[in-house]
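Chain residues, written in single-letter form:
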There are 2 protein chains.
Amino acid sequence: MSFVERWKLFEISTNGKSDGNPFTDYPVTAEFRNKNKSCKVDGFYDGDGVYRVRFMPSILGEYEYTISSDAFDTITGTFTCTEASDGNHGPVRVCNNYHFAYEDGTPYYPFGTTCYVWELQSEELQNKTLEELAKGYFNKIRFCIFPKHYHYNLKEPASYPYEKGNKEGLDLEAVEKYSRVYPPVEKLNSDFNFMKLNPAYFRHIDDTIEKLDELGVEADIIVMHPYDRWGFSKMTKEADDLYWNYVIARYAAYKNVWWSLANEYDLMPQKQISDWERYAAIICEKDPYNHLRNIHNCMAFYDHTRPWITHCCLQRQDLYRHVEYTDEYRVKFGKACVWDEIAYEGNIDLGWGNISGQELTRRFWEACMRGGYAGHGETYQHPEDILWWSHGGELHGDSPARIKFLHEILKETPGHYLKRGEGMFDETVAVPESMFESKLYEIHYFGFGRPSYRMFYLPEDKKYQVEIIDTWEMTVKDAGVHSGTFRIELPGKEYMAVRIREI
Amino acid sequence: MSFVERWKLFEISTNGKSDGNPFTDYPVTAEFRNKNKSCKVDGFYDGDGVYRVRFMPSILGEYEYTISSDAFDTITGTFTCTEASDGNHGPVRVCNNYHFAYEDGTPYYPFGTTCYVWELQSEELQNKTLEELAKGYFNKIRFCIFPKHYHYNLKEPASYPYEKGNKEGLDLEAVEKYSRVYPPVEKLNSDFNFMKLNPAYFRHIDDTIEKLDELGVEADIIVMHPYDRWGFSKMTKEADDLYWNYVIARYAAYKNVWWSLANEYDLMPQKQISDWERYAAIICEKDPYNHLRNIHNCMAFYDHTRPWITHCCLQRQDLYRHVEYTDEYRVKFGKACVWDEIAYEGNIDLGWGNISGQELTRRFWEACMRGGYAGHGETYQHPEDILWWSHGGELHGDSPARIKFLHEILKETPGHYLKRGEGMFDETVAVPESMFESKLYEIHYFGFGRPSYRMFYLPEDKKYQVEIIDTWEMTVKDAGVHSGTFRIELPGKEYMAVRIREI
C-alpha cells in the first residue's frame, strides 16, 4: 500500500510504446476516485518510452485509480492520502475575496519576486538564487517556461523546450505578419518541431518547482511571453494546445503552482483574446486542483472580471500613480490585486528598472495599506549581465529586507487582512478587512510625507496602544497608551507609519 | 511738467470732503488721454480727507487727465510718459499662449513662492522676508490682503482692514449658514463696519507691492480667501463690491500686480459661481491694464476656460500625480498652467506641508519639462510658529537654490519656452515650444529614475552637444559631441537630466 501526504504529488510511471510521435499519438488519461469523488487527469510522455501520471490528493483516506492509454496496458492501483506534515498547508487559494490563504486556512500574503528565466541559467547561478530565496524575503516567484530574448537576455539557452527539427507547428503566417523581434536579431532561430517537446527541459522545471516548494515559495509560472526569437510565441493553435496540455499534465499536481497565462499578453498581437480564452478554458478543464490563474499586461489590462481569473496580476499603467489605485481596482475588478510589476529596484538604463529601494518599498506599503499586494524585482547593472529580475543570482538591493519587515507587520493584522480605511487624503490608513474585528486597529502610513507630529482624534472612553513604525529602518517603537485627542511626535522623515490598537 | 516712466505709477492726490462715508458717498473718476487713447480709472479715498488717483501709463509721450468728484473741484493736468529705465520691463502678460513675457517682450518664467500673510507680520519679519526675496530665488509671491485664520495662524493681526463698528456690511445669513470656522474658535470676531475701510491697512500694502517691484517680484494678490474668523469672507454683496473696487482703484496701477480672485475658492460655500463671475467682471471693467487674472482651488478646479482667466492657477487634486498632468491640462484648458500649490517643503503634521526638498524640486522639473510652471512654499516647524508659507521670515529648505538653478536652465531655451516632447513613457522630454526652432534641443528628465546610462538614437549626419544635468547638485557637465546612436553614462542616481543640442 502506498501512502501520500495530503497535497503532495503522487506519481505513477510506466513504459509504453515510443513509435511515431508519442506526445500526440498516445494520450494518457487517468481517473482517481475516493469515497466521494472521481477526478480525471491527463498523463504525459516523458521521453525514452516513459509515461507518467501525476495527481495531488486533497482528501484523507483511500484513493483508487485507473490509467488508460493505447501506449500501454491499463494500470489500476490504490493509495492512502495521509495528514499533511508540518509546513505543508496545501495550495494557495483566494480568501476573503481580496486576499489569499493556503487550503488549510493559514493566511498567505503574496510577497513575490520576479526572476523570469532563473531556472534556465547555470546550475551554480540557480543554486545562488535558491540560497537567496531561502532567506525568506519572498514566498512567490514569477518565472517563464520558455527562454527569454530581451535586453540583457541575448544568450542562447543551454537547452530548448522542443526538439530541433522540421519546423512542424510553427505558425508561418504569424512569423511573417509579426516578424518584429525586440531587440532586433538577424534571423529567427526557429528550427524546431513544435509537436515534439524536449522532456529533459520540462523535467528540469519539475525539479525547480519542487525546490521552490521546499523553500515555501509559490511558483507563479508564466506559460507564454512575447520575448522570443525562437518561434515559441508563434506556434500554431495545434502546437499551442499540445504545449498547454503538456504543461498542465506535468505541473498541475504540484501544490505550489500558479498559472500566469502570459507576461505582457498585449505585446503578442499574434494571439487574440479568443486564444487567451481558449488557453484559460484548457486550464479550467484540465487542472482539477483549481490553481490560481492570472494574466499580466504591459499597457492594457486584461478584463480581470473574467470568471476564470482568480486575482488581478497588474503591471503599472501610469508612471506616477499605480499602487495608489489599488483600492479603486479592488472595487472595479472585485478581486485581489497583486501588483506584479511596478518598476524594479536598480540602476539600468530603462525606466522600469531603475527606482530606489526606498521608492520600491514605498510602493509595497501603499499597495498593502490599500488592501492589495506588490511584487519585487531587481535590475542592478552587473559586469556579466546577471540581473536578478531575469537571471536570479545574488540580491544587491535594499528593498528585500524591508519587504520582509512589511510582511511581518501584515501577519499581525487582526482578522488577517487589511483594506484601506475611508476619508483620508494626505495619508493612507489601513484597517482590518474583517467585519468581525470590533476593536480599532489602524495603520496610518505617511509615504513620502515627513510629519514631525500627528494629531489623532479618538474616543475619550477607550484606550489605544500607539506604535511608531519606521518602514525603512524596520523598527516598531512603543509610543504609549492614549485616549481621546492626542499628539504623537514623529521624526519628520519619510516612510513612517503610526499603528493604533485599541486595548 | 511731470515726467513718469513707462509702466511706473503716476499718482495725483487732493484733499476733499470727509463727512458721511467718503468711501461710498464720494466716488472719484478720472480720465487719462494720450494722442490715441482715452482711459477711465477710479480714484479712492485714503482717509483724513485725502483722495488719490493712480495711473500706469504705457505709451510714450504726452498724457492729459481730468479728475472728477463731488468731494473736490475737478482737477486737470498733463504729464509726459518717458522710456522705461533698465530693469523695468512692464507688467507680465501671457505670451505664446502657455507662457509669459513682460510687456517689453522679455520672457518671464513664473517661479513663485507663497507667503500668505507675510505683509501682516512684524516689520522685522517683513524685512527678513524681503532679504530672502532679494536672493532671487523667486520672481512672484502669492499673498492675501485679508488676515488669515488657520493652523499656525491664530494670532490677531496688528491692524484690520476695516474700522471697528456696527457690523454694517456683514452678511448675517452667511454667518448663520456657514458658521463653521476652521480651526474652531469660540466666537466670530466680526465687530467691523465693512462699508468703512481702514486706509492705513491698505496703504501698507501699497508699500509692500512697491518693495516687491523693486526686487523684481510680481505680487500675485489673493483678494479673497476662506480662512477667516472676522467676517471678511462673509460680507454682503454691497460690501464685497466696495472692497473689490477699492482694491482695484488702489493697486491696479502697480505694474507687478496679478489678481488671484481667491485662494481655495471652493472652500467658500457662501460665494456662488455667480459671485466669482461678478468679481471677475468688476476687475475686467475697472482694471484698464489687464493684469493677469487667476483663481485657485482646493479640490475642484474653477472652469479655467472662462475668458476672463488669463492662466490656470492650480492646486494638486491628486496626492500622487499632479504636475504630471501639466501637458494634459494645457490641452484641456488651452492656457498656461501654473501649479501654485503642490505641497510644500517642510515637516509639519499636515500632508500638504511636509515633503522633502528633493520631491518639491522634482515637481518643479516635471511641471517645467511639460510646458508649465510650479510654485514654492515652505512649512518647517518653528519654535515661534514662523512658517515661510504664511509668515515669511527665513528660508530653511533645500529647494530654493534648486528652483533658481532650474530657472537658469529655462532661460537657455531656444525660442524661450519649453513644452513636452512626444512619445516617451519612462522619462519626460522637453522640447522648445516655438515652431521656428529647427535645430534639435531636448532635455530628457529622469525624475526618480536612476539610469546608469541611456542610449540615444539620432541622425548620423548631424552633431549634438550633450550635457548631463544634476538637478539636485546643480551642475551641468559636458558629455561631448555625438552623432547617430550613442550611449551616455549617467551616475545611477535620482533627479538627473540629459540635455542635447544640435550644433
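This structure is a prediction, so every number in the text was calculated from the model and none was measured. (Residues numbered from 1 in each chain as written. Chains lettered and ligands numbered in written order. Predicted model: local features only at pLDDT ≥ 70, side-chain atom pairs only at ≥ 80, totals over all residues. Heavy atoms only, no water.)

A. Representation of the overall build of chain A in the model. Across its full length, chain A carries ten helices and 31 strands. Relative to its length of 503 residues, chain A is compact, with a C-alpha radius of gyration of 24 Å against a globular reference of 23 Å. Projected onto the principal axes, the alpha-carbon positions of chain A cover approximately 80 × 60 × 40 Å. Taking all 503 residues of chain A together, 62% fall into the buried category. A separation of at least 24 residues holds for 73% of the contacts in chain A among residues at least 6 apart in sequence. Split by element, the accessible area of chain A, about 19100 Å² in all, is 48% carbon and sulfur. Counting 57 positive and 79 negative side-chain charges, chain A places the averaged centre of each group 3 Å from the other. (Helix = DSSP H or I, 4+ residues; strand = E, 2+ residues; numbered from the N terminus. Rg over C-alpha atoms; globule rule 2.2 N^0.38 Å. Buried < 20%, exposed > 50% of the residue type's maximum accessible area, 1.4 Å probe, protein only. Contact = heavy atoms within 4.5 Å. Areas by Shrake-Rupley, 256 points an atom, 1.4 Å probe, with all protein chains shown as cover. Lys, Arg positive; Asp, Glu negative; His and termini not counted. Charge placed at Lys NZ, Arg CZ, Asp CG, Glu CD.)

B. Representation of the interface of chain A and chain B. Each partner contributes residues to the interface: chain A has 41 residues there, and chain B has 41 residues. Both faces considered, chain A and chain B share a buried interface measuring about 3000 Å² in area, 51% of it formed by carbon and sulfur atoms. In terms of surface lost to chain B, no three residues of chain A exceed Tyr 320, Phe 425 and Arg 450 of chain A, which account for 26% of the buried area on that side. If you look at where chain A meets chain B, you find two salt bridges. Elements supplying a minimum of two residues to the side of chain A that touches chain B: strand S21 (345–346), helix H8 (357–369) and strand S27 (453–457) of chain A. In terms of residues, the side of chain A that touches chain B owes the most to one element, H8 of chain A, which gives four residues. Partitioning the side of chain A that touches chain B into residue classes produces 14 nonpolar, twelve polar and 15 charged. (Buried area = accessible area lost by both parts, 1.4 Å probe. Salt bridge = Lys/Arg side-chain N within 4 Å of Asp/Glu carboxyl O. Nonpolar A, V, L, I, M, F, W, Y, C, P; charged D, E, K, R; others polar.)

C. Broad picture of the sheet that holds strand S11 (residues 107–108) of chain B. Residue and element names in this part refer to chain B. Ordered by their spatial adjacency, three strands build an open sheet running S9-S10-S11, and the pairing between neighbours is antiparallel. The open sheet has two edge strands, strand S9 (92–95) and S11, and neither has a second partner. Strand direction decides the pairing type here: S9 and strand S10 (residues 99–102), joined by four bridges, are antiparallel. Paired with Cys 95 across the two strands is His 99, which belongs to S10. (Pairing = 2+ DSSP bridges.)

D. Layout of the confidence of the model for chain A. On average, residues of chain A score 96 in pLDDT, and 100% of them are at 70 or above. For this predicted complex, the interface confidence comes out at an ipTM of 0.92, alongside a pTM of 0.95. (pLDDT = per-residue confidence, 0-100.)

E. Spatial organisation of the nonpolar core. Formed by 298 residues in total, the largest nonpolar core has its most connected members in Phe 32 and Tyr 243 of chain A together with Phe 32 and Tyr 243 of chain B. Every residue in contact with Tyr 243 of chain A, bar those within four places of it in the chain, is listed here: Ile 145, Phe 146, Tyr 162, Leu 197, Phe 202, Val 223, Met 224 and Met 235 of chain A. (Core = buried A, V, L, I, M, F, W, Y, C linked by side-chain atoms within 4.5 Å.)

F. Region of the structure containing the sheet that holds strand S31 (residues 496–502) of chain A. Residue and element names in this part refer to chain A. Spatially, S24-S25-S26-S31-S28-S29 is the arrangement adopted by the six strands of the open sheet, whose pairing is antiparallel. Lying at the two open borders of the sheet, with one neighbouring strand each, are strand S24 (418–420) and strand S29 (475–482). Neighbour-to-neighbour, the strand axes of this sheet turn through a mean angle of 25°, independent of strand direction. Inspection of the sheet shows strand S28 (residues 464–470) paired to S29 by six bridges, in the antiparallel sense. What sits directly across from Tyr 464, in S29, is His 482. (Axes fitted to C-alpha atoms, helices over the stretch in contact; angles between N-to-C directions.)

G. Highlighting the packing of aromatic side chains. Residues and elements named next belong to chain B. Inspection of the entire model under this criterion finds 116 aromatic pairs over all chains. With a centroid separation of 5.9 Å and an interplanar angle of 65°, the aromatic rings of Tyr 108 and Trp 258 are classed as edge-to-face. Taken together, the positions of Tyr 108 in strand S11 and Trp 258 in strand S17 (residues 257–262) put the pair 150 residues apart, joining distant regions of the chain. As far as the burial class goes, Tyr 108 and Trp 258 line up, both buried. (Phe/Tyr/Trp six-rings, centres within 6.5 Å; stacked < 30°, edge-to-face > 60°.)

H. The arrangement of the relation of the copies chain A and chain B in detail. For these two chains of identical sequence, chain A goes onto chain B by a turn of 180° and a shift of 0.0 Å along the axis, with RMSD 0.0 Å. Expressed as an axis order, the relation between the two copies is that of a two-fold axis. Of all interface residues in chain A, 100% are interface residues in chain B too; the two copies therefore contact each other through one and the same surface. (Least-squares fit on C-alpha atoms with pLDDT ≥ 70 in both.)

I. Quick look at helix H5 (residues 237–251) of chain A. Here H5 of chain A spans 21 Å end to end across 15 residues, near enough to the 21 Å set by a 1.5 Å rise per residue. Burial of H5 of chain A is extensive: twelve of the 15 residues sit out of reach of the surface. (Expected span 1.5 Å × (residues − 1).)

J. Molecular detail of helix H4 (residues 199–214) of chain A. Residue and element names in this part refer to chain A. In a regular helix each residue adds 1.5 Å, so 16 residues correspond to 22 Å; H4 covers 23 Å between its end C-alpha atoms and thus fits that length. The complete set of buried residues in H4 reads Pro 199, Tyr 201, Phe 202, Ile 205, Asp 206, Thr 208, Ile 209, Leu 212 and Asp 213. In the stretch just after H4, Gly 216 is the one whose phi turns positive, near 75°.

K. Expanded view of unusual backbone geometry. Residues and elements named next belong to chain A. A cis amide bond links Tyr 182 to the next residue, Pro 183, at an omega of -5°. Assignment of secondary structure puts Pro 183 in the loop between helix H3 (172–177) and strand S15 (192–197). Residue Tyr 152 is not a glycine yet carries a positive backbone phi of 65°. By secondary structure assignment, the location of Tyr 152 is in the loop between strand S13 (140–144) and strand S14 (162–164). The phi dihedral of Ala 343 is positive, around 75°, even though this residue is not glycine. By secondary structure assignment, the location of Ala 343 is in the loop between strand S20 (337–341) and S21. Looking at Ala 343, the relative accessible area reads 3%, which means it is buried.

L. Molecular detail of the side chain of Asp 213 of chain A. All names here are of chain A. Position of Asp 213 among the secondary structure elements: in helix H4. Of the residues examined, Asp 213 reaches a relative accessible area of 16% and is grouped as buried. Those residues in contact with Asp 213, other than ones at most four positions away along the chain, are Lys 8, Lys 255 and Asn 256.

M. Examining the packing of helix H4 (residues 199–214) of chain B against helix H5 (residues 237–251) of chain B more closely. All names here are of chain B. At their nearest, the axes of H4 and H5 sit 11 Å apart, and the two run at 40° to each other. For the element pair H4 / H5, the angle class is oblique. H5 is crossed by H4, and the crossing has right-handed handedness. Here Pro 199, Phe 202, Arg 203, Ile 205, Asp 206 and Ile 209 of H4 lie close against H5, whose contacting residues are Tyr 243, Tyr 246, Val 247, Arg 250 and Tyr 251. Of the residues contributing to the contact of H4 with H5, the split by class is eight nonpolar, no polar and three charged. (Parallel < 35°, antiparallel > 145°, perpendicular 65-115°, else oblique. Left-handed = near helix turned anticlockwise from the far one by under 90°.)

N. Structural detail: the pattern of salt bridges. All told, the structure shown has 82 salt bridges over all chains when counted by the stated rule. Here Arg 33 of chain A and Glu 64 of chain A are joined by a salt bridge, their closest N and O atoms 3.1 Å apart. With Arg 33 of chain A in strand S3 (residues 28–33) and Glu 64 of chain A in strand S7 (residues 61–69), the pair connects residues that are 31 residues apart, well separated along the chain. With its nearest N and O atoms 2.4 Å apart, the salt bridge here joins Asp 318 of chain A to Arg 321 of chain B. Residue Asp 318 of chain A is located in the loop between strand S19 (312–315) and helix H7 (326–333), and its partner Arg 321 of chain B is located in the loop between strand S19 (312–315) and helix H7 (326–333); the two belong to separate chains. Pair check on accessibility: Asp 318 of chain A and Arg 321 of chain B agree, each one buried.

O. How the structure looks around the pairing of strand S6 (residues 50–55) of chain B. Residues and elements named next belong to chain B. Burial analysis of S6 places six of its six residues in the buried class, which makes it a mostly covered element. Burial along S6 is two-sided: the face carrying Val 50, Arg 52 and Arg 54 and the face carrying Tyr 51, Val 53 and Phe 55 are both buried. Pairing analysis gives six bridges linking strand S2 (residues 10–15) to S6, with the strands arranged antiparallel. When the sheet's bridge partners are listed, Thr 14 is paired in S6 with Tyr 51. The pairing of strand S5 (residues 44–45) with S6 spans two bridges and is antiparallel. In the sheet register, Phe 44 faces S6, and the bridge partner there is Arg 52.

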